[in-house]
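Coordinate inspection notes
Letter by letter, the chains look like this.
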Amino acid sequence: MNVRRLIPTAAITGAVALGLTALTACSSSDASDHKSGDRLDVVASFYPMQFLAERIGGDHVSVSTLTKPGVEPHDLELSPRQTGSLTDADFILYLKGIQPAVDDAIKQSGASHTLDVTTLTTLEDHGTEAGGEEHGHEHEGEEAGADPHIWLDPVKYTEIAKGVGKSLEKTDPDHAADYRKNTATLVKELGALDTAYRDGLKNTTTRTFITTHSAFGYLAERYGLTQEGIAGIDPEAEPSPARISALHSIAEKKKVTTVFFETLASDRTAKTVARDTGLRTDVLDPLEGITKSSKGDDYIEVMKSNLAALRTALGAK
C-alpha cells in the first residue's frame, strides 16, 4: 500500500512532529485510508476469487482480476503492469497453487494485505483413477496430491466466503458491518445451492460421470458421485486407446451416458471419447472464468446450470 498518497497536505507542509503524527495515524488503521470515500482496491487472481470480492465487498471495493475472461487460468503469465498492480493493491485475494505465476508475483510484491483462501478450508487428495494415471492439471508449487478446485464444492466455498468477509472487515473496519451483511447474504445463497444439489442428485440412475477436466472431485465427494477423468492428459489432449477402452467398460458397467467438457477448452477430447464409447457430450463448467459462452452470468447461475447438466446425465428422478 502506498502510504504517501494517504498523508494530508497539511501534514507535509506543517511541523515535522505534526507530520510524523499524521503518518503514524495513517499507518495505524486501514480504515483511515478510505475516509475520503475511496473504495478498497482489491486484486483477485481469477474468477472464483473475483466473485467473492465483488459480492462481499459490494460498493466499498473496486475489484480487478489478473485472469481476463476467456483466458485459461492455469497457464497465466502476468504482464509487468499486472505485477505492478499487486504492489499498489489494498487487498489481494488468491488461491495458492493453481497459478504459479501469480504465487510468485505476490511473493515478490511484498504486499501486506493478502489472503490465500487455501488457508480457510481443508484441501484433499482425490487420488488417481483407473490405471494409476494422474488426472487433470498438475499445479506447480501446490502440495503434492492436493486438489485445488475447492470452489466447486458449495460447502467449502461457503467456508472461504466467511473467511474472506472476516479478512475484509479487518482490512477496512469502517465498513465491517456491510461486509458482514454481504457475507451473510452470500452464505445464505450458497446454502440454498448446496440444498439444491443434495435434493437434485439424491435419486439418479447412475452416480458416475466422465469429464475431460478432473476438476470436480470435491463436488463428487460432497454429493456421493464418482468422477472419471480422462487420465494423464489435459482437457484438449487426445486420450490413449487404453484409456478409451477403460472408459468404455466403465460406461457400460456404471450406465454412464455423458462425457463432459468445459467452456475454456476445446470439445475435441470429449467428442473423441464419446464417439468411441457411444456416449453424448455436454458442458460441465469448472467456473475458472465467465465468458459469453458460459451458461450463466455468475457463479450461482453457472453452478445451477451444472446441476441441471448433471441431473440429465445421471438420470435424476
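Residues numbered from 1 in each chain as written. Predicted model: local features only at pLDDT ≥ 70, side-chain atom pairs only at ≥ 80, totals over all residues. Heavy atoms only, no water.

Remarks on the overall build of the chain
Regarding its fold elements, the chain presents 11 helices and 8 strands. Looking at the chain as a whole, 50% of its 317 residues are labelled buried. The contacts in the chain between residues at least 6 apart in sequence include a share of 63% that link residues at least 24 apart. Of the roughly 14,600 Å² of accessible surface on the chain, a fraction of 50% belongs to carbon and sulfur atoms. (Helix = DSSP H or I, 4+ residues; strand = E, 2+ residues; numbered from the N terminus. Buried < 20%, exposed > 50% of the residue type's maximum accessible area, 1.4 Å probe, protein only. Contact = heavy atoms within 4.5 Å. Areas by Shrake-Rupley, 256 points an atom, 1.4 Å probe, with all protein chains shown as cover.)

Brief notes about the packing of helix 6 (residues 154-171) against helix 7 (residues 176-200)
Where helix 6 contacts helix 7, the two axes come as close as 9 Å, and the packing angle between them is 180°. Viewed along their axes, helix 6 and helix 7 adopt a mutual orientation that is roughly antiparallel. Of the residues in helix 7, those touching helix 6 at Pro-154, Val-155, Tyr-157, Thr-158, Ala-161, Lys-162, Gly-165, Leu-168 and Glu-169 are Ala-176, Tyr-179, Arg-180, Thr-183, Leu-186, Val-187, Leu-190, Leu-193, Asp-194 and Arg-198. Classifying every residue of the contact of helix 6 with helix 7 gives 11 nonpolar, 3 polar and 5 charged. (Axes fitted to C-alpha atoms, helices over the stretch in contact; angles between N-to-C directions. Parallel < 35°, antiparallel > 145°, perpendicular 65-115°, else oblique. Nonpolar A, V, L, I, M, F, W, Y, C, P; charged D, E, K, R; others polar.)

Observations regarding the environment of Thr-118
Along the chain, the position of Thr-118 falls in the loop between strand 4 (114-116) and helix 6. For the pair formed by Thr-118 and Pro-148, sequence separation is 30 residues and the distance between their alpha carbons is 8.0 Å. With near-sequence residues (within four places) excluded, Thr-118 lies in contact with Leu-95, Lys-96, Leu-123 and Ile-150. A distance of 2.7 Å separates the side chain of Thr-118 from the side chain of Asp-116, its partner in a polar contact. (Polar contact = N/O pair within 3.5 Å; in protein donor to acceptor, adjacent residues only side chain to side chain.)

Thoughts on helix 11 (residues 299-314)
Over its 16 residues, helix 11 extends 22 Å from the first C-alpha to the last, a length consistent with the 22 Å expected when each residue adds 1.5 Å. For helix 11, the complete set of buried residues consists of Tyr-299, Ile-300, Val-302, Met-303, Ser-305, Asn-306, Leu-307, Ala-309, Leu-310, Ala-313 and Leu-314. With a side-chain oxygen lying 3.2 Å from the backbone nitrogen of Ile-300, the N-terminal cap of helix 11 falls on Asp-298. Positive backbone phi, approximately 70°, marks Gly-315, located one or two places after helix 11. (Expected span 1.5 Å × (residues − 1).)

Considerations on the sheet that holds strand 1 (residues 40-44)
Pairing is parallel across the open sheet formed by 4 strands, whose spatial order is 2-1-3-4. The outermost strands of the open sheet, each flanked by one partner alone, are strand 2 (61-65) and strand 4. In this sheet, neighbouring strand axes are inclined to one another by 20° on average, regardless of whether the strands run parallel or antiparallel. Here helix 6 sits on the sheet in contact with strand 1, strand 3 (91-94) and strand 4, set at roughly 170° to strand 3. (Pairing = 2+ DSSP bridges.)

Observations regarding the pattern of salt bridges
All told, the structure shown has 10 salt bridges when counted by the stated rule. We note a salt bridge from Arg-55 to Glu-189, for which the minimum N-O separation is 2.4 Å. Highlighted residues: Arg-55 in helix 3 (residues 47-57) and Glu-189 in helix 7, separated in sequence by 134 residues. Accessibility expressed as a relative area gives 26% for Arg-55, which makes it partly exposed. Arg-243 serves as the salt-bridge partner of Glu-228, at 3.2 Å between the closest nitrogen and oxygen. Taken together, the residues span a long stretch of sequence, with Glu-228 in strand 6 (residues 226-229) and Arg-243 in helix 9 (residues 241-254) at a distance of 15 residues. (Salt bridge = Lys/Arg side-chain N within 4 Å of Asp/Glu carboxyl O.)

Details of the sheet that holds strand 7 (residues 258-261)
Spatial strand order, 6-5-7-8: 4 strands in an open sheet with parallel pairing. Of all strands in the sheet, those bounded by a partner on one side alone are strand 6 and strand 8 (280-283). Pairs of neighbouring strands in the sheet enclose a mean axial angle of 35°, with direction left out of account. Pairing between strand 7 and strand 8: 4 bridges, direction parallel. Paired with Phe-261 across the two strands is Val-283, which belongs to strand 8. With respect to the sheet, helix 11 is in contact with strand 5 (208-211), strand 7 and strand 8, its orientation differing from that of strand 8 by roughly 160°.

Remarks on unusual backbone geometry
Positioned with a positive phi, Lys-255 is a non-glycine residue whose angle comes to about 60°. Classification of Lys-255 by relative accessible area gives exposed; the value is 56%. Unlike most non-glycine residues, Leu-287 shows phi in positive territory, near 55°. You can see Leu-287 is positioned in the loop between strand 8 and helix 11.

Topic: the packing of aromatic side chains
Scanning the model with the defined rule gives 8 aromatic pairs in all. Judged by centre distance (6.2 Å) and plane angle (75°), the rings of Phe-209 and Phe-260 are edge-to-face. On the criterion of sequence distance, the pair formed by Phe-209 in strand 5 and Phe-260 in strand 7 is long-range, its members being 51 residues apart. Pair check on accessibility: Phe-209 and Phe-260 agree, each one buried. Each member of the aromatic cluster is reached from another via a ring pair, and the members are Tyr-47, Phe-51, Tyr-157 and Tyr-299. (Phe/Tyr/Trp six-rings, centres within 6.5 Å; stacked < 30°, edge-to-face > 60°.)

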